[in-house]
Amino acid sequence: MDAQNIIIPILNLNSEKDVATLKTLLTEIENIEEFTVDLNTKSVSITAKKLPKITAKVYEALKQNKFEINSVQKTYPVLNMTCASCASSSQANLQRQIGVVNAEVNYGNGMGKIEYIPNLITPEKLKDALNNVGFDLMIDEKINQDEEIEQLQEEKYKALKNKVIYALIFGFPLFIIGMFFMNMPYANYIMWALSTPILFIFGQQFFVGAWKQLKNKSANMDTLVALSTSVAYVFSVFNTLFPAYWHSKGLHAHPYFEAAGLIVVFILIGKLLEERAKGNTSEAIKKLIGLQPNTVTILKNNQQIETKIEDVQIGDLILAKPGEKIAVDGEIIEGQSFIDESSLTGEPIPVEKGINDEVFSGTINQNSSIQYKALKVGNQTLLAQIIQSVKNAQGSKAPVQKLVDKIAGIFVPIVIVIAMLTFVTWLILGQENAFTMALLSMITVLVIACPCALGLATPTAIMVGMGKGAENGILIKNAESLELAKKIDTIILDKTGTITEGKPKVQELVWLDNSTKDILFTIENNSHHPLAKSITDFLGNETNLLHLNVEDVSGKGLKTNYKNKNYYVGKIGWIDELNIQKTEEVNQLINSFSSKNYTISFFGDDEKVLALIGISDQIKPTSIEAIQAFHEKGIEVWMVTGDNEFSGNAIAKQVGIDHVVANALPNDKMDIIKNLQKNGKTVAMVGDGINDSAALAQADVSIAMGNGSDIAIDVAEITLIGGDLTKIDHAINLSKQTVKTIHQNLFWAFIYNVIGIPIAAGVLYPINGFLLDPMVAGAAMALSSVSVVTNSLFLKYKKI
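Residues numbered from 1 in each chain as written. Predicted model: local features only at pLDDT ≥ 70, side-chain atom pairs only at ≥ 80, totals over all residues. Heavy atoms only, no water.

1. What to know about the overall build of the protein
Of the regular secondary structure elements, the protein holds 30 helices and 29 strands. In the protein, which comprises 800 residues, the proportion classed as buried is 52%. Of the roughly 36600 Å² of accessible surface on the protein, 53% is carried by carbon and sulfur atoms. (Helix = DSSP H or I, 4+ residues; strand = E, 2+ residues; numbered from the N terminus. Buried < 20%, exposed > 50% of the residue type's maximum accessible area, 1.4 Å probe, protein only. Areas by Shrake-Rupley, 256 points an atom, 1.4 Å probe, with all protein chains shown as cover.)

Here it is as structure tokens:
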């Protein structure tokens, strides 16, 4: 390989001292043949043979020493990947490109995170590099790119499903003839006709995948499937067309069309199960984006102008009417209203906001029109940051099936080498019919070593495990969550909707004069305040609706007049402003309600307090039991909530949680999880709101409450139907059982190969003259698959 030269611009190369430091750094990097540092052009010129690796090393060394290189980091969808090894291959290909300093390709979400130096390479060249090895890069950064990716994934799944259906249509009669009617007229030709479309139309992806791997000088499951099926197919075609060749040697010309075809059918089913098991990340992203309105009303020169959200500029004045979504982050300059911020904080009670208060994209204006000034737009809004956090956290994961492809990467070359050695050995050592013995033994090795059992080991156990979970109200999306759930040592719980019901209710209503129930009921019935419904629900059928005019006193409460007497409902602080008398009994009740963490409202007239109302979110009956079960398993339990510290500590004390973090924003929750993970913890996040989505995506195991938001459920890998926390304990037990079954399946799949391959190679022939027939090898291969599936089905009957 000839040496190549690149020039890397360094933004902060400002002095001779910097030049000297840089020269010292470059001298310490091996394999650089020549370099020059130019202070005038602020650049370094490097000559080396292995430039891609050298570039990455230089970049890392400069970064650690505070030198700034003009690099760009982009995340692009990588298309045409069929297995986890494809991610490794495409990643390796990207890393070989001059100018790429880092590349990470994730098979789980089909995304590639690439950092490159723009003056050395462009996205177009990266795309071409992947095209050369059969992959593709979607570099067109459209606004609706997520929708396009989702559509491509849906099309891919439908295409695979159709392949499986057609393969089964052809495969069933192939199996029947191959097993029971081999001696019927034209059986070989019928099986030939049935197996050909299975292999080369419905199973084409395996041959394409094997070719890609060959071009990258690597091997995976596709390689072994393509090699074993094609050799069995070609051998079968030869036996069908030239049976006399084997008859002349005293052998039966047995075809193996059914083995070749059914191998493809089984592996296609495994691939479909894998695609089905993957979490649909784009659906969650799509729903998050849906929190923003498509259009907004901008105020210019006292005129209302409707415009697209992407056209909003910082400083624009925006009108939000009751019921409308807040489009971008901003500051209220006119009006006062209750804002539903549950999408960010998870708290069900809307927040009252007025002039100079901040509002955030994705929240909902409830009862009055407001005008706010745009302060953050586009990717800078809090909602956009949550969306990006979800993408990044999901992109950092890889499915458990990657383990099987890694093993296959080693297994395949070994099998091929064994098959070739078998052929050569019997060609040399065999006496009469040496070529025939060598060829049959090689074919037998390839047929018996088919990775059918290996390919089914994980997805069948996952499918049964997921079905068992669903029967018990535990919906599991993917294999990774099943694998990791048994390792959980830290659980983070959101408060509202997770530990508590998430619905504010009147816990206590103490009457000091109950003759005025009808007035209180009527006032609350006319109110838009979020707590009003809980009061009317509590009063129920005991009251009558009066004809009253109810006045909203901004920021304080409600007022009405009945029979020439004023009545008030509102915040406790309003009592003093109205000079209403507070008796000792009233003060004691207020203190009592406060100690119970109630939101307190009063009802009174001009002279006295008539009633005190305590409202709070109720703890779920199963929460205490579940948290006790976690402690018994040695799991550390945290509560991270957007609510205030007093409220958070009060709930934690009741349910037995030791670690509490209050006033937490969505990214705060995610940062807490990151810090725990850095300390070696396996973290499960349990939440129910949109505000939990970033934290759910970051966690090792993400669990959503089934009665929570659609977005939380989409992001999470496990959903608990009904929101019972005790089901997490069952999920951990199910995880242990499922992973154990997967390991058993993989063990038996490999033991089968460890025993079967040497026998197929003829290791017993010198001892007792036994040589395994390829037909028996095909039956053994099928038996290994049946044993794996049967072992997975046993999981169904175990108690969790």
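2. Some words on the confidence of the model for the protein
Here the protein shows a mean pLDDT of 79. Residues at 70 or above account for 84%. Scored below 50 in pLDDT, residues 277-282 shows 15 contacts in the model against residues more than four places distant or in partner chains. For residues 393-401, every residue scores under 50 in pLDDT, and the model assigns this stretch 30 contacts once sequence neighbours within four places are set aside. (pLDDT = per-residue confidence, 0-100. Contact = heavy atoms within 4.5 Å.)

3. Focus on helix α23 (residues 623-632)
For α23, every residue scored as buried is listed here: S623, A626, I627, A629 and F630. Around the axis of α23, the buried residues are gathered within 155° of arc, so they sit on the same side. Facing away from the buried surface of α23 by more than 90 degrees, the exposed residues are E625 and E632. (Arc of directions from axis to C-beta.)

4. Some points on the sheet that holds strand β9 (residues 303-308)
Sheets are built from strands paired through backbone hydrogen bonds, the pairs being either parallel or antiparallel. The strand order β9-β8-β10-β16-β11-β14 describes an open sheet built from six strands, whose pairing is antiparallel. Each of the sheet's edge strands pairs with one partner strand only, and the pair in question is β9 and β14 (358-359). Taken together, the two bridges between strand β11 (residues 329-334) and β14 define a ladder with antiparallel strand orientation. Of the residues in β14, the one forming a bridge with G330 is V359. (Pairing = 2+ DSSP bridges.)

5. Remarks on the environment of P243
Relative to the helices and strands, P243 is located in helix α9 (residues 243-247). Between the C-alpha atoms of P243 and P255, which are 12 residues apart in sequence, the distance is 9.7 Å.

6. Overview of the pairing of strand β2 (residues 32-38)
Inspection of the sheet shows β2 paired to strand β3 (residues 43-48) by six bridges, in the antiparallel sense. Residue pairing across strands places T36 opposite S45, the latter belonging to β3. Between β2 and β3, which pair antiparallel one after the other, the connecting turn spans four residues, and K42 there sits at a positive phi close to 50°.

7. Topic: the UniProt feature "transmembrane region" (unreviewed entry) in the protein
The UniProt feature table records "transmembrane region" (unreviewed entry) at residues 164-183, 189-211, 223-242, 254-273, 407-429, 435-458, 746-768 and 774-795. With 96% helix and 0% strand, the stretch residues 189-211 has end C-alpha atoms that lie 28 Å from each other. Spanning residues 746-768, this segment combines 87% helix with 0% strand, and its end C-alpha atoms are found 31 Å apart. (UniProt positions renumbered as here; feature names shortened; annotations may be inferred.)

8. A look at the nonpolar core
Core analysis: the biggest nonpolar cluster contains 49 residues, and F235, L268, V415, V445 and I757 have the highest contact counts within it. Not counting residues within four places of it along the chain, the set of residues in contact with V445 comprises V415, I418, A419, T422, I757, A760 and A761. Grouped together as the second largest cluster of nonpolar side chains are 40 residues, A457, A485, A626 and V637 included. (Core = buried A, V, L, I, M, F, W, Y, C linked by side-chain atoms within 4.5 Å.)

9. With respect to the sheet that holds strand β22 (residues 566-571)
Read across the open sheet, the six strands follow the order β19-β24-β23-β22-β21-β20; overall the sheet is antiparallel. Each edge of the sheet is formed by a strand with only one pairing partner; in this case those strands are β19 (500-511) and β20 (550-553). Taken over all neighbouring pairs, the strand axes of this sheet differ in orientation by 20° on average, direction set aside. Packed onto the sheet, helix α20 (residues 532-539) meets β19 and β24 (609-619) and runs at close to 60° relative to β19. (Axes fitted to C-alpha atoms, helices over the stretch in contact; angles between N-to-C directions.)

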